[in-house]
Every structure is written in C-alpha cells, then in structure tokens.
Amino acid sequence: MKIFCIGRNYAEHAKELKNDIPTKPLIFMKPPTALLLDNKPFYYPDFTKNLHHEVEVVLRVCKNGKQIQPAFASKYYDKIALGIDFTARDLQDALKSKGQPWEIAKGFDSSAVLSDFFDISKFDISNIHFHLTKNGQTVQKGTTQDLIFNFDTLICYISKFFTLQQGDLIYTGTPAGVGAVQIGDVLEGFLEEQSAFRCAIK
Ligand code: ZN
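Computed from a predicted structure; not experimentally measured.

1. Details of the coordination of the zinc ion
And then number 1: Taken together, the protein ligands of the zinc ion are Glu54 (OE), Glu56 (OE) and Asp85 (OD), with distances of 2.0 to 2.1 Å.
And then number 2: Along the chain, the residues donating to the zinc ion are arranged with the sequence spacing E-x1-E-x28-D. In this pair, Glu54 sits in the loop between β4 (51-53) and β5 (55-61) while Asp85 sits in strand β6 (residues 77-85), placing the two residues 31 residues apart along the sequence.

Here it is in structure tokens:
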C-alpha cells in the first residue's frame, strides 16, 4: 500500500508558506508506518520543535491502474476519508532551503492521521466542505471547490509515474490555516460538519 500526498494544492495555503502556485501537482509519499488510525493519540516526537497540522481530504484507490485517462479517472476511487498530514515544519524548512527531499519532515511514524472511510457517492466531490478544530476552535476550513488539481487530475497525473493499486491513499492537500500543535492539544476533523476523527497530542 502506498500513501501519496499532494503539496500546495490550495492557492491560499501555497501563499501562506510563501510558495509559488504550482503548474503541476507536487507529489511526495509517506510509508505505511506513517498511518495513525482509530483516533489514537499522537506522541509529539523529540526531533521537532514546530509540528504543524495539515487537514486533508483523502482518496482511497479502489482498483489497479496505470496511465489512467481523464474519462476513466473517477472509476479509480470509491471512498474518501479525512486525515492530517503532520509536518515537522522546522525540518522541512531546513530541507527545502537546501533543495533536499522532505521524507524525515513528512513521513515519520504516525504522521498520517486517517479517519474511517465514507462512500464517495454521499458527497458532491466538487464541493466537499471540511474543517479542523484545535481545542474546540476552528483552525482550518476548506472546500474541494478550491483544489488547484481536482481528484481526477491527481489520479491521471500520479498514475503516469506510479501504478495505482487498490488500497493506495492520496492525501489531496491542505487549505490555509496550518499551524503548530502542542502537547495537550486535541484536534478534531469534520467532513460536512460530521466529526470524522479526533487526535490528542501527548
Ligand atoms: Zn499536506
């Protein structure tokens, strides 16, 4: 199982980190050991002093395919979830400044919070609303209407390079409002106003 993540897929988020708006999807990956399931707590790692939350809609790939054409892309995902792409922003900034890969800042253990899955048929995929609260206050709010590269485009683009396999996940990018978390914080993610996951920082 592979976990793909898309960077800078919401213009307002790209701007808040002073990045250019991409002209092609920016892809990185996390290993399966990054998954944090079942509302388990997240233990703040000692290698960072600036851990950020990034709430994201996650696609679940439902069949194998490569070089998928736009007309068929929507047949390759059947469920969505909500997740967090935890990021060690201090490590990422240091790596970015040297043009080095981001893995240790993005792919560490438990860095990929994931909710249960929901049938995609229950949603208008061009306008899925989601938000994240920290200690009860909304810190990030988005709609898939604002995606720079929509779900079908991501499926086509990723599958040019990587064979998609049933069960692969795609974290589709985070809207503006990313920020630091501290030990003691509680994050809760909502899909269309329904609680999807809860994650306590310990
Ligand atoms: Zn992200």
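The rest of the description comes next.
2. Some remarks on helix α2 (residues 89-97)
And then number 1: Of all the positions in α2, only Arg89, Gln92 and Leu95 are classed as buried. Along α2, the residues classed as buried sweep out an arc of 125 degrees about the axis, all on the same side.
And then number 2: Among the structural elements, α1 (11-16), β4, β7 (87-88) and α3 (103-106) are those in contact with the buried residues of α2.
And then number 3: Gly99 sits one or two residues past α2 and shows a positive phi near 70 degrees.

3. A short note on the packing of aromatic side chains
And then number 1: If you walk through the whole model with that rule in mind, you get eight aromatic pairs.
And then number 2: Taken together, a centroid distance of 6.5 Å and an interplanar angle of 80 degrees make the contact between Phe118 and Phe123 edge-to-face.
And then number 3: A relative accessible area of 17% places Phe123 in the buried class.
And then number 4: Lying across the ring of Tyr76, Lys63 places its NZ or CZ 4.7 Å from the centre.

Quick notes on the rules
- Residues numbered from 1 in each chain as written.
- Predicted model: local features only at pLDDT ≥ 70, side-chain atom pairs only at ≥ 80, totals over all residues.
- Heavy atoms only, no water.
- Donors = N, O, S within 2.8 Å, 3.2 Å for Na, K, Ca; no water.
- Helix = DSSP H or I, 4+ residues; strand = E, 2+ residues; numbered from the N terminus.
- Buried < 20%, exposed > 50% of the residue type's maximum accessible area, 1.4 Å probe, protein only.
- Arc of directions from axis to C-beta.
- Contact = heavy atoms within 4.5 Å.
- Phe/Tyr/Trp six-rings, centres within 6.5 Å; stacked < 30°, edge-to-face > 60°.
- Lys NZ or Arg CZ within 6 Å of the ring centre and 35° of its normal.

Note that every value here comes from positions in space, so none of it alone points to a role or purpose.
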